[in-house]
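Next come the chains, spelled out residue by residue.
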Amino acid sequence: MAGPENNNPAPNGHHPETAAPSPNGADPRVEPMAAAPTERYMIATRRVPGFAPASASDLANALPGVKIVRRLQPRGLNAFSVGAPMSQTPEILVAEMDRQRGLALQASAPPNVIVERDAFLRYSDDLRPFDFNGVMPIAAGVGVDVQIRVIGAGGKPLPKATVYVYGPGFPGQGLTNERGEVVVTVFGGPIQTIRAIYVKPVADHWDRMLQGIALQAGAWNTVQLRPLTEKFAGFPQQGMIGWGQRLMKLDRLDPSFNGSGVKIGIIDSGCDSAHPQLRHVTRGADLTNGGDKASWANDMIGHGTHCAGIITAASDTVAGIRGFAPQAEVHSLKVFPGGRFSDLIDALDECVDRQLDVVNMSLGSGEPSELVAQKIAEARQNGVACIVAAGNSSGPVQFPGVLPTVLTVAALGKLEEFPEDSYHAQTVEPQLVAGALFSPKFTCFGPQVAVGAPGVAIVSTVPGGGYAAWDGTSMATPHVTGMAALLLAHHPLLQAARAARNEQRVAQLFSLLASSGVRYLGDPTREGVGAPDFERVPGLAAPQPIGAATPASAGPAPMPGWGGNGFAPMGAPIGSVMGPTAWAVNPAALQRFMQLRAAGLI
Amino acid sequence: MSNLPSPSGGVDQFLVAPRSAETIGDLAAFEQALQSLPGASVLQRAGKPDRPRLVVGLSAAHADQLRNQFGATLIIEPNAPIQPL
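Residues numbered from 1 in each chain as written. Chains lettered and ligands numbered in written order. Predicted model: local features only at pLDDT ≥ 70, side-chain atom pairs only at ≥ 80, totals over all residues.

**Student:** What's the story with the overall build of chain A in this structure? I'm lost.
**Tutor:** Along the backbone of chain A there are eleven helices and 26 strands. Expressed as a percentage of the 602 residues in chain A, the buried residues total 49%. Across chain A, every contact between residues at least 6 apart in sequence was considered, and the portion connecting residues at least 24 apart equals 74%. (Helix = DSSP H or I, 4+ residues; strand = E, 2+ residues; numbered from the N terminus. Buried ≥ 20, exposed ≤ 12 C-beta atoms within 10 Å, placed from the backbone. Contact = placed C-beta atoms within 7 Å.)

Structure, rendered in structure tokens:
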């Protein structure tokens, strides 16, 4: 049997050339390197009194084997000034060379020349498992091997679980092997300094965050995860309706509300159509692979499959979860991994060409794009409604969620819907809790947020046939997309307008969604008009209780470890744009509806 | 698009498209100008005949230069990565 996997790279980003003996005594394998890797260095001049001005180009060009790949010119007014000030950033050369040469160049550079590694940046992702504020990475010393064994119910080993270990330095991470074991190497201190462990299972279990732990060196430290069935008895053979669907009252709709006749696009990482609940998803294109007609079903990330489950999971072969629109025609347009604006534009072109009605865009970028904005406007003019995630960076809404042509969705969470020792609990900010609902700290906010929707501990489909509970505005967005599909399919106002693929129909759809919002937080920048609620959609046929189909999860009794995270749930919305009663109707929306009916348009 | 060879070094990807139907012809002039720039290349041709667009690889400095030359009639912007949220 192979030894435990160790996927933890050395701090410099390279795999170690010699492996340490594995804990079980097996001989380490040393893989030869095909070629010496090159590294990037930045070279620039530094003004030093007493030294003649230096030329970075001359220095770099004087060394063989150094390839200049980029020049960063000074910008701004200073770039044109004579006698640049000491504080001005000089021209920077970016050069590639092998590491030995780079170290030699660093060592031999005169005082008036700066040579430093052009290190990789890491993007800030607030959904990363854990972050200790104020922790400064320290110089790597002797690594400490932490042996972790991950098990589920009954001691069953859990392979492919990602384990993060947090000490005083950089976090380490690894993936468990078939025995559920992994050795993670961390630097910065002895094993007693390890402050937390986060374990993310591949499927069918809750994740787990362990803090203030005492780990043993040289021995296996076992972490047991709770199965999803602890909360959802008999799942997935016995069906459940997620807390998000219940909040939006999907469980109050008759199953005949199924999205039949509506075309939905999901621009994401593909969709595993082999999943028992997604076999009806048969259309798509892989835009990372020249528009390939088959590889869209290979979802390497799982993100698109998770979104697809929320939107359209069907209970034909297994009860599982309830998707919003299981009879809709879903098109999976794959742009991840590696997507760029050009891929997004290609995908939106596909949406227009395929005459899709509503498109889920659980994606964003740190940069704006005029061309993407134009394409989204064009899609809207063609009757394609784009529903977009606000972002997870805890800051202002990201592009394209900032565009006025889309419906932007922030995330909401609900207490007692996840174990207290899960990472989901880390998304709770005490001052953002209102009753049982809360605004998770990761969600982006701003005046562009149109609605809030469930986006914490959302159980949905993942590749391989399983289920996982994930967080993100990405998970909130498909709740709204699914509801939009049902309104397009079944609301009389939109049924009549379905043939007319134009901007007006999109505006009507967004207006209906917004008019059904229930505010829970009282902060429109974090929830817009609130969470859309089927019971508050004006003009929608009266929903009926499902009765026998009531899920096992409906109204579960609190269990040990599922407390309110210190916040007493109260459970009632603080306000509603629709009024206090369940069947209240927005007067403006009703008036619009009556006018259209009087005009014979519906 | 994403399976194209990744531009190396200081070469970044840019999206280029006409600002209006009247300026489609400037795209050909842009391509002509691109050929004279070392390391610059067209990575992808996309869009429709009436709405063409290019993905090109070129340095930021060259992109600024071309923006000065064609910015009035062509949109030239970074082909930035997008992320799942």
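**Student:** So what exactly am I meant to see when it comes to the sheet that holds strand S7 (residues 172-175) of chain A here?
**Tutor:** All names here are of chain A. Strand order in the open sheet made by the four strands is S7-S6-S9-S10, with antiparallel pairing throughout. With partners counted over all chains shown, the strands left at the sheet margins are S7 and strand S10 (208-211), one partner each. Strand-to-strand twist across the sheet, computed as the mean angle between neighbouring axes with direction ignored, equals 15°. In terms of strand pairing, strand S6 (residues 162-166) meets S7 through four bridges, oriented antiparallel. Opposite Val-165, over in S7, you have Gly-172 as the bridge partner. (Pairing = 2+ DSSP bridges. Axes fitted to C-alpha atoms, helices over the stretch in contact; angles between N-to-C directions.)

**Student:** I'm lost on the interface of chain B and chain A in this one. Help?
**Tutor:** Interface extent is often summarised as the accessible area lost during association of the parts. On the side of chain A, 37 residues touch chain B, which itself brings 25 residues to the contact. Of all the secondary-structure elements, those providing two or more residues to the side of chain B that touches chain A are strand S1 (11-18), strand S2 (41-48), strand S3 (51-59), strand S4 (74-78) and strand S5 (83-84) of chain B. Residue composition of the side of chain B that touches chain A, grouped by class: 13 nonpolar, ten polar and two charged. Where strand S16 (residues 363-364) of chain A and S5(B) come together, two bridges link them in antiparallel fashion. For A:Leu363, the partnering residue across the bridge sits in S5(B) and is B:Pro84. (Nonpolar A, V, L, I, M, F, W, Y, C, P; charged D, E, K, R; others polar.)

**Student:** It is not clear to me how the UniProt feature "active site" (unreviewed entry) in chain A should be interpreted in this structure. Could you clarify?
**Tutor:** UniProt's entry tags A:Asp268, A:His303 and A:Ser474 with the feature "active site" (unreviewed entry), counted in the numbering of this structure. On the basis of their most widely separated C-alpha atoms, the annotated residues across 207 residues gather in one place, lying no more than 9.9 Å apart. Position of A:Asp268 among the secondary structure elements: in strand S12 (residues 263-268). Along the chain, the position of A:His303 falls in helix H4 (residues 303-312). Among residues more than four places away in sequence, those in contact with A:His303 are A:Asp268, A:Ser269, A:Phe336, A:Ser474 and B:Pro84. (UniProt positions renumbered as here; feature names shortened; annotations may be inferred.)

**Student:** Honestly, the environment of A:Arg252 in this entry has me stumped. Any pointers?
**Tutor:** All names here are of chain A. Of note, Arg-252 is situated in the loop between helix H3 (243-247) and S12. Since 18 C-beta atoms lie within 10 Å of it, Arg-252 is described here as partly exposed. Put simply, Arg-252 and Glu-535 are 283 residues apart on the chain and 8.0 Å apart in space, counted from C-alpha to C-alpha.

**Student:** When you look at the sheet that holds S1(B) in this model, what are you seeing that I'm missing?
**Tutor:** The pairing of strands in a sheet comes from backbone hydrogen bonds and takes either a parallel or an antiparallel form. Taken in spatial order, the four strands of this open sheet run S2-S3-S1-S4 (chain B), and their pairing is antiparallel. Strand pairing shows two members of the sheet lacking a second neighbour, S2 and S4 of chain B, which therefore form its edges. Here the strands of the sheet are splayed against their neighbours by 25° on average, with no regard to which way each runs. In this sheet, S4(B) lies alongside S1(B) in antiparallel orientation, the contact comprising five bridges. Residue pairing for S4(B): B:Val16 is matched across the bridge by B:Ile76. Relative to the sheet, helix H5 (residues 341-353) of chain A contacts S1, S2 and S3 of chain B, its axis offset from that of S2(B) by approximately 20°.

**Student:** Just to check I follow, could you spell out helix H7 (residues 473-490) of chain A for this structure?
**Tutor:** Residue pairs three or four apart in sequence face the same way in an α-helix, which turns once every 3.6 residues. Along its 18 residues, H7(A) runs 26 Å from first to last C-alpha, staying within 8% of the 26 Å computed at 1.5 Å per residue. Burial within H7(A) is extensive, with 18 of its 18 residues counted as buried. (Expected span 1.5 Å × (residues − 1).)

**Student:** Teacher, can you tell me more about the packing of H4(A) against H7(A) here?
**Tutor:** Residues and elements named next belong to chain A. It is the contact of H4 with H7, at a shortest axis distance of 8 Å, that shows an interaxial angle of 35°. Read as a crossing pair, H4 and H7 show a hand that is right-handed. Where H4 abuts H7, its residues His-303, His-306, Cys-307, Ile-310 and Ile-311 lie against Ser-474, Met-475, Pro-478, His-479, Thr-481 and Gly-482. Residue classes in the contact of H4 with H7 are distributed as five nonpolar, six polar and no charged. (Left-handed = near helix turned anticlockwise from the far one by under 90°.)

**Student:** It is not clear to me how the nonpolar core should be interpreted in this structure. Could you clarify?
**Tutor:** Looking at soluble globular proteins, one finds that nonpolar side chains tend to be buried together. Judged by nonpolar contacts, the single largest core of 158 residues is most densely connected at A:Ile387, A:Val409, A:Ala484 and A:Ala485. In this structure A:Val409 touches A:Ile387, A:Val388, A:Ala389, A:Ala390, A:Ala450, A:Val451, A:Ala453, A:Thr473, A:Ala476, A:Thr477 and A:Val480, once residues within four positions along its chain are discounted. (Core = buried A, V, L, I, M, F, W, Y, C linked by C-beta atoms within 7 Å.)

**Student:** Please explain the packing of H5(A) against helix H6 (residues 370-381) of chain A as it appears in this structure.
**Tutor:** For any two helices packed against each other, the geometry comes down to the angle between their axes and how far apart the axes lie. Residue and element names in this part refer to chain A. H6 packs onto H5 with a crossing angle of 10° between their chain directions and a minimal axis gap of 10 Å. With respect to H6, the axis of H5 lies roughly parallel. Counting all contacts with H5, which are made through Phe-341, Leu-344, Ile-345, Leu-348, Cys-351 and Val-352, the residues of H6 involved are Leu-371, Val-372, Lys-375, Ile-376, Glu-378 and Ala-379. A breakdown of the residues in the contact of H5 with H6 according to their chemical character gives ten nonpolar, no polar and two charged. (Parallel < 35°, antiparallel > 145°, perpendicular 65-115°, else oblique.)

**Student:** Explain the confidence of the model for chain B here, please?
**Tutor:** Caution is warranted with low-pLDDT regions, since their predicted coordinates should not be read in detail. All names here are of chain B. Chain-level statistics for chain B give a pLDDT mean of 90 and a share of 88% at 70 or above. Of all secondary-structure elements in chain B, the lowest mean pLDDT belongs to S1, at 94, while S4 reaches the highest, 98. Contacts for the low-pLDDT stretch residues 1-8, under 50 throughout, to residues beyond four places or in other chains number 21 contacts. Scoring the predicted complex yields pTM 0.74 and, for the interface, ipTM 0.88. (pLDDT = per-residue confidence, 0-100.)

**Student:** Looking at this structure, how should I read the environment of A:Ile151?
**Tutor:** Within the fold, A:Ile151 resides in strand S5 (residues 144-151). Look past the residues within four positions of A:Ile151 in its chain and what remains in contact with it is A:Lys156, A:Pro157, A:Leu158, A:Gly180, A:Thr222 and A:Gln224.

**Student:** Mind showing me how you'd approach the pairing of strand S13 (residues 283-286) of chain A here?
**Tutor:** The two faces of the sheet receive side chains in turn, since in a regular strand these alternate between them. Residues and elements named next belong to chain A. Strand direction decides the pairing type here: S13 and strand S14 (residues 329-334), joined by four bridges, are parallel. Following the sheet pairing, Arg-283 is matched in S14 by His-331. Between S13 and its parallel partner S14, the chain crosses via H4, and the hand of that crossover is left-handed. (Right-handed = clockwise from strand over helix to strand, strands pointing away.)

**Student:** Is there a simple way to explain the pairing of strand S18 (residues 407-414) of chain A in this structure?
**Tutor:** All names here are of chain A. Among the eight residues of S18, eight are classified as buried, and the element is accordingly described as predominantly covered. Of the pairings in the sheet, the one linking S18 to strand S21 (residues 449-454) comprises five bridges and is parallel in character. The residue of S21 that forms the bridge with Ala-410 is Gly-452. By the bridge criterion, two bridges tie S18 to strand S20 (residues 437-438) in an arrangement that is antiparallel. Bridged to Lys-414 within S20 is Leu-437.

**Student:** Would you mind going over the confidence of the model for chain A with me for this structure?
**Tutor:** Averaged over every residue, the pLDDT of chain A is 81; the share at 70 or more is 73%. Counting contacts from residues 1-37 of chain A, a segment whose pLDDT is below 50, to residues more than four positions away or on other chains yields 45 contacts.

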